[in-house]
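Structural characterization, general
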Amino acid sequence: MKKIACKIAVFISILFFSLSFASGLAAQEALDYEFSPRDSVILNQSSICYVTTMYYGYVYDPNFEDWSIQYFYGPMGGTGFSVNPDTGHIVTAAHVIEDDYVNVKWAILDAYIFDTYPDEYFELTNNDWNWIYDNFKVEGQNKTEPDREVWVQFNTATAGLPDNPDNTYMRAEVVDSSPWDQRDIAILKVQPTTGRALSSAIVGDSSSVEVQDSLTIIGYPWNADISLESIMTPTVTSGVISARKMVSGTELLQVDGTAAPGNSGGPVLNEQGEVIGILTMGTSENINYLRPSTDILEMLNRNGVQNRLGMVDINFANGLAMYRQSHFTEAIKYFDAALNHSQGHLLAQEYKANAQAAVDRGEDMPIQQEEEIQITEDKELLQETVSPEEVFEAQEVQEAQFNNLGLFIILGALAFFLLIIIAAVVIIVVVVKKKNNRNRMTQNKVPPEGNPVKTEEKDKRYCTSCGNEAAVGQRFCANCGKQLK
C-alpha cells in the first residue's frame, strides 16, 4: 500500500509542479527587466548608513587627587552599508570607528586643562604638556581606556518627512576590524527591529575590475550639507578606476572621482550595482583609494557573515521594474510590500507616490493590456502586408488555435480529476483488503502454549468401554456404569 500511495503522491506532485512552473515562467517573464546602471544605484541607496563614533573618558587630576566629570572625543563620522539585513551586519572603514589611544587621550586632556586651568592654559610649555600626559589619567567607566560608542543611522522618513535622528540612530557592536595601516575594514552589527527591516548591498569580485572601468561612489561627504531640516540623502558621484597600487603589501584601487572625508567606508559600485570596494583614503578630492571587495569578502567569511539581500530589497526591485515598464498599479503592490517590512523606506514611499500619480493621470499600463496592445499591433501590421482574405484565414487559424488550447486545458483538467478519483479508489481497495487480511490472521492465530483455546469439540467426553457420550461433570457412564476418565 505504501508503495502505491507513494507513486500516486509523486505523480500528483509532478503534475502540480509542472503547472506551477509554467505559471512561474509567465510571472518571471512579466517581471523580466534589465536594470540600468542608474537603477542599480537606486537599489543600493537604502543600504547606505551614516556611522558616528564617540569616545568618553574621565580625567584623574593628581593635583586634586580626584576624577573629573565625563569628557568626550568626537564625533568621528563616515559611511557604511548593510551586507545582511537579517543579521544586521554592516561594513565600514576601520578608521571611522577607531582612533589611536594617544590621539584620544590628548584631545580629552586638552579639553579638561582648558576648563580646569584657564589662566595657565595658554602659558603651558611642551615640557608642561608632556608632564600632564604622563601624570594625568584618562580612563573609561570600567576600564583603563576611554569608552567607545558606535552608532549608525539609515535614511528613513515618515510620510515624506525625515525621521527624528534620536529615533533612527542604532547602537552598533564592533564585530571585527583591521586597522587603517593594514586593511582598514570593520564589521559592525546592529539589532534589526520589527517594521524597520534593513536593505542590503551585494559585494562583488574586485579581481575582475580593470583600469578605466566606470564606477559610482555613494556616501556622506562632510562637504555636503547634512541638515536636520532635510532628509539625509547620500551623495552619488561617478568616476573610473585609474590604477592598481600596492601599499605596505596590500592592494589598493586608485579612483579618479570626487570624494571627501565622510565618504570613508562608503561603497563603490560597478555598472552592475555590485560593491567592488570601500573608500579608505585620498591624496586629493579627486584622487582616492579603495580597499578591494576581495578583502571585504575575506573578513565576512572569517566571521561567518553571509552576504545576501532581504525581502525589502526583492520587493522594492520588483516594484522598480514594474514602475519602469509603466505597470504602475503592479508597482504600488510591490512598494507596499516593501513598506510592510520597512515603514520608513524613503525611496519606496517616493516611487509609490509617483506611481499613484501616474495611475491618477491614466498612464497605467496593466500587464494584460500590454499583451492586448501587442496583439492589436500585430493584426494591424498583418493587414498592411496581406490581403483581406489572408487576414480572415489568419484570424480563423488563430481562433482555432485558441479553441484547441481551451480544449486541451479542459481535457487536461478532466484527466487530472480522473486520476484523483482512481487514486482514491485504489487507496480504499488496498485499505479494505489489508483490513480483511488482518482479521483473517487474527482468527487463525495459534494461541501460545499453556493457554489453549477451548472449543466445543474438545469439551465432549466418551465412555472408553461402551462409547456412550457423557455429560459435562459426569463421573460414571450412564449406560454401563464404568468410571469415566
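These remarks concern the structure in this document. (Residues numbered from 1 in each chain as written. Predicted model: local features only at pLDDT ≥ 70, side-chain atom pairs only at ≥ 80, totals over all residues. Heavy atoms only, no water.)

1. A word on the nonpolar core
To be explicit about the condition: Each nonpolar core is a collection of buried residues, namely Ala, Val, Leu, Ile, Met, Phe, Trp, Tyr and Cys, held together in the definition by side-chain atoms within 4.5 Å. Relative accessibility under 20% of the residue-type maximum defines a buried residue, over 50% an exposed one, and the middle range a partly exposed one, all with a 1.4 Å probe and only protein chains included. The helix count covers DSSP runs of H or I at least four residues long, the strand count covers runs of E at least two residues long, and both are numbered beginning at the N terminus. We call two residues contacting when some pair of their heavy atoms lies within 4.5 Å.
Core analysis: the largest hydrophobic core is formed by 19 residues, its most contacted members being Phe81, Val83, Val91, Ile185, Ile278, Ile296 and Leu300. When contributions to this core are tallied by element, the ones reaching two or more residues are β1 (48-61), β2 (66-84), β9 (185-189), β14 (275-282) and α8 (293-302). Per-element tally for this core: the top contributor is α8, with three residues. With near-sequence residues (within four places) excluded, Val91 lies in contact with Gly80, Phe81, Val83, Ile185, Ala186, Gly265, Ile278, Ile296 and Leu300.

2. A short note on the packing of aromatic side chains
Two aromatic rings are characterised by how far apart their centres lie and by the angle between their planes. Short version of the rule: Centre distance within 6.5 Å is the pairing criterion for rings of Phe, Tyr and Trp, where only the six-membered ring of Trp is used; planes under 30 degrees apart are then read as stacked, over 60 as edge-to-face, and the remainder as tilted. Working rule: Lys NZ or Arg CZ, within 6 Å of ring centre, within 35 degrees of ring normal, means a charge sits over the ring.
Here the structure, examined in full by the defined rule, presents 19 aromatic pairs. Taking the centre distance of 5.6 Å and the plane angle of 90° together, the rings of Tyr50 and Tyr220 count as edge-to-face. Here Tyr50, found in strand β1, pairs with Tyr220, found in the loop between β10 (214-219) and β11 (235-247); they are 170 residues apart in sequence, far enough to count as distant. Of the two residues, Tyr50 and Tyr220, both sit in the buried class. The ring of Tyr133 is capped by Lys105, whose NZ or CZ atom sits 4.2 Å from the centre of that ring. A cation sits over an aromatic face here: Lys137 above Tyr60, 5.7 Å from the ring centre.

3. A few points about the environment of Pro221
Along the polypeptide, Pro221 turns up in the loop between β10 and β11. Since its relative accessible area comes to 6%, Pro221 is described here as buried. Leaving out residues up to four positions away in the same chain, Pro221 has contacts with Thr235, Ala260, Pro261, Gly262 and Asn263.

4. What to know about the pattern of salt bridges
Here the idea is simple: oppositely charged side chains can pair when their charged atoms come close. Heads up, the rule is: By convention in these notes, a salt bridge is any Lys or Arg side-chain nitrogen within 4 Å of a carboxyl oxygen on Asp or Glu.
This model, assessed by the stated rule, comprises 11 salt bridges. One salt bridge connects Asp176 with Arg302, and the closest N-O pair in it is separated by 2.9 Å. With Asp176 in strand β8 (residues 169-178) and Arg302 in helix α8, this pair connects stretches of sequence that are 126 residues apart. Accessibility expressed as a relative area gives 48% for Arg302, which makes it partly exposed. The residue Arg302 makes a salt bridge to Glu298 at a minimum N-O spacing of 2.7 Å.

5. Quick look at the packing of helix α9 (residues 311-324) against helix α10 (residues 328-341)
Applied cut-off: Fitted lines through C-alpha atoms serve as axes, helices being fitted only where they are in contact, and the angles separating the N-to-C directions of these axes extend from 0 to 180 degrees. If an angle is under 35 degrees, it is roughly parallel; if it is over 145, roughly antiparallel; if it lies from 65 to 115, roughly perpendicular; otherwise it is oblique. Crossings are assigned a handedness: left-handed for a near helix turned anticlockwise from the far helix by less than a right angle, right-handed for a clockwise turn. Ten residues, namely Ala, Val, Leu, Ile, Met, Phe, Trp, Tyr, Cys and Pro, are considered nonpolar, four, namely Asp, Glu, Lys and Arg, are considered charged, and the remaining ones, Gly among them, are considered polar.
It is at 8 Å that the axes of α9 and α10 come closest, and there the two elements cross at 165°. Considering the angle they form, α9 stands roughly antiparallel to α10. The element α9 and its partner α10 pack so that their crossing is left-handed. Contact with α9, carried on its side by Met311, Val312, Asn315, Phe316, Asn318, Gly319, Leu320, Met322 and Tyr323, involves Phe328, Glu330, Ala331, Tyr334, Phe335, Ala337, Ala338 and His341 of α10 and no other residues of that element. Taken together, the residues of the contact of α9 with α10 sort by class into 12 nonpolar, four polar and one charged.

6. Side note on the packing of helix α2 (residues 37-45) against α9
Between α2 and α9, the shortest axis-to-axis distance is 11 Å and the interhelical angle comes to 145°. Crossing of α2 over α9 shows right-handed handedness. Two secondary-structure elements touch here, α2 through Arg38, Asp39, Ile42 and Leu43 and α9 through Phe316, Ala317, Leu320 and Arg324. Residues of the contact of α2 with α9, tallied by class, amount to five nonpolar, no polar and three charged.

7. Quick word on the sheet that holds β11
The cut-off we apply is this: Whether two strands pair comes down to DSSP finding at least two bridges between them.
The strand order around the closed barrel built from six strands is β10-β11-β12-β15-β14-β13, with neighbouring strands paired in antiparallel fashion. Going from strand to strand, the sheet's axes swing by 45° on average, the running direction of each strand aside. In the sheet, β10 pairs with strand β13 (residues 267-269) via two bridges, with the strands oriented antiparallel. Paired with Thr216 across the strands is Leu269, a residue of β13.

8. Let's talk about the pairing of β11
Successive side chains on a regular strand alternate, one facing one side of the sheet and the next facing the other. Pairing of β10 with β11 involves six bridges; the strand directions are antiparallel. Looking at β11, one finds that Ile217 is bridged to Thr237. Alignment of β11 against strand β12 (residues 250-257), held across eight bridges, turns out to be antiparallel. Bridge pairing links Val240 to Asp256 in β12. Where β11 hands over to β12, the hairpin turn is made up of two residues, of which Ser248 adopts a positive phi near 55°.

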